[in-house]
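Descriptive structure summary
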There are 2 protein chains.
Amino acid sequence: MYIILVYDIGEKRVGKMLKLCRKYLNWIQNSVFEGEISEVKLTELKLKAMKIMDPDSDSLIIFKTRQEKWLDKEIIGVERSDIDNFI
Amino acid sequence: MYIILVYDIGEKRVGKMLKLCRKYLNWIQNSVFEGEISEVKLTELKLKAMKIMDPDSDSLIIFKTRQEKWLDKEIIGVERSDIDNFI
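In this report, the structure presented in the accompanying data block is examined. (Residues numbered from 1 in each chain as written. Chains lettered and ligands numbered in written order. Predicted model: local features only at pLDDT ≥ 70, side-chain atom pairs only at ≥ 80, totals over all residues. Heavy atoms only, no water.)

**A look at the sheet that holds strand E4 (residues 59-65) of chain A**
Strand order in the open sheet made by the five strands is E2(A)-E3(A)-E1(A)-E4(A)-E5(B), with antiparallel pairing throughout. Among the strands making up the open sheet, the edge pair consists of strand E2 (26-29) of chain A together with strand E5 (72-77) of chain B. If you compare each strand with its neighbour and ignore which way they point, the axes differ by 20° on average. By the bridge criterion, three bridges tie E2 of chain A to strand E3 (residues 32-36) of chain A in an arrangement that is antiparallel. Within the sheet, the bridge partner assigned to Trp-27 of chain A lies in E3 of chain A and is Phe-33 of chain A. Contacts from helix H1 (residues 11-24) of chain A reach strand E1 (2-8), E2, E3 and E4 of chain A within the one sheet, and its direction differs from that of E1 of chain A by about 175°. (Pairing = 2+ DSSP bridges. Helix = DSSP H or I, 4+ residues; strand = E, 2+ residues; numbered from the N terminus. Axes fitted to C-alpha atoms, helices over the stretch in contact; angles between N-to-C directions. Contact = heavy atoms within 4.5 Å.)

This is the structure we're talking about:
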């Protein structure tokens, strides 16, 4: 499945969270990631994220879609992307 | 159409951007919004956003899907939402 992941995490934990998410997904903006991921890998990512997060103040939202083609992406302004590193 | 909008905007401009996006969409996290919007209203929103943004440093990403049912949303941790205000 294809997912978009966005987090809002306290400054102290944000570095760990960034590192974790980049292992599973492509980084596309400050706290936004996207990518194709299996159900098993997503569960793994969520469990690891929950260990980093403070449940009383941090937030993680995951949008899932079965097919990437159901989502159109438009970027305005600066484009920051991990994918740039592979070109 | 249903959209998810995420921005990464310089501190000086973030207040204006938040105010603008809340006029058109539901706020669901720090810099993340979602909602049903028409093509015309989205174009209006983008034009207004571009006037606020610094194109050399700010970023705005819009994910569009024709049907909300094609997107599943999962929230982990704290849920911040404009919708709370309407209940």
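**Overview of the relation of the copies chain B and chain A**
Least-squares fitting of chain B to chain A yields an RMSD of 0.0 Å, with the superposition described by an axial translation of 0.0 Å and a rotation of 180°. Here the copies are linked by what is in effect a two-fold axis. Closest approach to the rotation axis among the C-alpha atoms of chain B is made by Trp-70 of chain B, whose C-alpha sits 3.5 Å away. (Least-squares fit on C-alpha atoms with pLDDT ≥ 70 in both.)

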